[in-house]
Amino acid sequence: MQVNIETLISKEEVEKRIQEMADELSERYAGKYLKLVGILKGSVFFLTELAKRMTIPITMDFISISSYGNSMESSGILKFNKDLDDPIEGEDVLVVEDILDTGRTLSYVLKIFETRKPASLAVVTLLDKPSRRLVNVDLLMAGFSIEDRFVVGYGLDYAQQYRNLPYIGVIE
């Protein structure tokens, strides 16, 4: 299916902001080992670029949880597909998300992680859609705050397509 995609945030803007976020996180977590936890599949592009730019020791792990399927609207039903490979007890954990929308998925993940007793638990997201929030989630940092538009690129998809765009685009 061919769709029209308009650039919302350019590749250069995305890369510049990720560098700023990496610098701030490296400073904030200086002297610590940080575990980055990505929520598959969308976070992979952002997590990888963020990790490459960080100057502190990190490890990475992933979970897979979904609520969209192949539609443009969240189903509200969460499907847990993959858990962490390693325990997080006593670790400084940074959950890395591609987009914070309603907050349901992230809230669910954070509740699960809190029971596993990490030393610290925080969230960063590339994109934040505050107008769509149904469940409050404390964010350590967001790359960009955007309006309620359906976005693709840099890991974000529509029916598993367009993740590989090097910018954030809007499906028109």
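This is a predicted model, so every value here is computed, not measured.

Novice: Kindly report on the pairing of strand β5 (residues 92-100), identifying the contributing residues and their values.
Specialist: Here β5 lies mainly inside the structure; nine of its nine residues are buried. The pairing of strand β2 (residues 34-40) with β5 spans five bridges and is classified as parallel. Following the sheet pairing, Gly 38 is matched in β5 by Val 96. The sheet contact formed by β5 and strand β6 (residues 120-128) spans eight bridges and is parallel. Counterpart to Val 96 in the pairing with β6 is Val 124. Traced from β5 through helix α3 (residues 104-114) to β6, the parallel crossover comes out right-handed.

Novice: Please provide a residue-by-residue account of unusual backbone geometry, values included.
Specialist: In this chain, Leu 40 is followed by Lys 41 through a cis amide linkage whose omega measures 0°. Tracing the chain through its elements places Lys 41 in the loop between β2 and α2 (44-53). At Gln 160, a residue that is not glycine, the phi angle is positive and equals roughly 70°. Note that Gln 160 resides in the loop between β8 (151-152) and β9 (168-171). The exposure class assigned to Gln 160 is partly exposed, which follows from its relative accessible area of 41%.

Parameters at a glance
- Residues numbered from 1 in each chain as written.
- Predicted model: local features only at pLDDT ≥ 70, side-chain atom pairs only at ≥ 80, totals over all residues.
- Heavy atoms only, no water.
- Buried < 20%, exposed > 50% of the residue type's maximum accessible area, 1.4 Å probe, protein only.
- Helix = DSSP H or I, 4+ residues; strand = E, 2+ residues; numbered from the N terminus.
- Pairing = 2+ DSSP bridges.
- Right-handed = clockwise from strand over helix to strand, strands pointing away.

The values reported here are purely geometric and, on their own, carry no functional implication.
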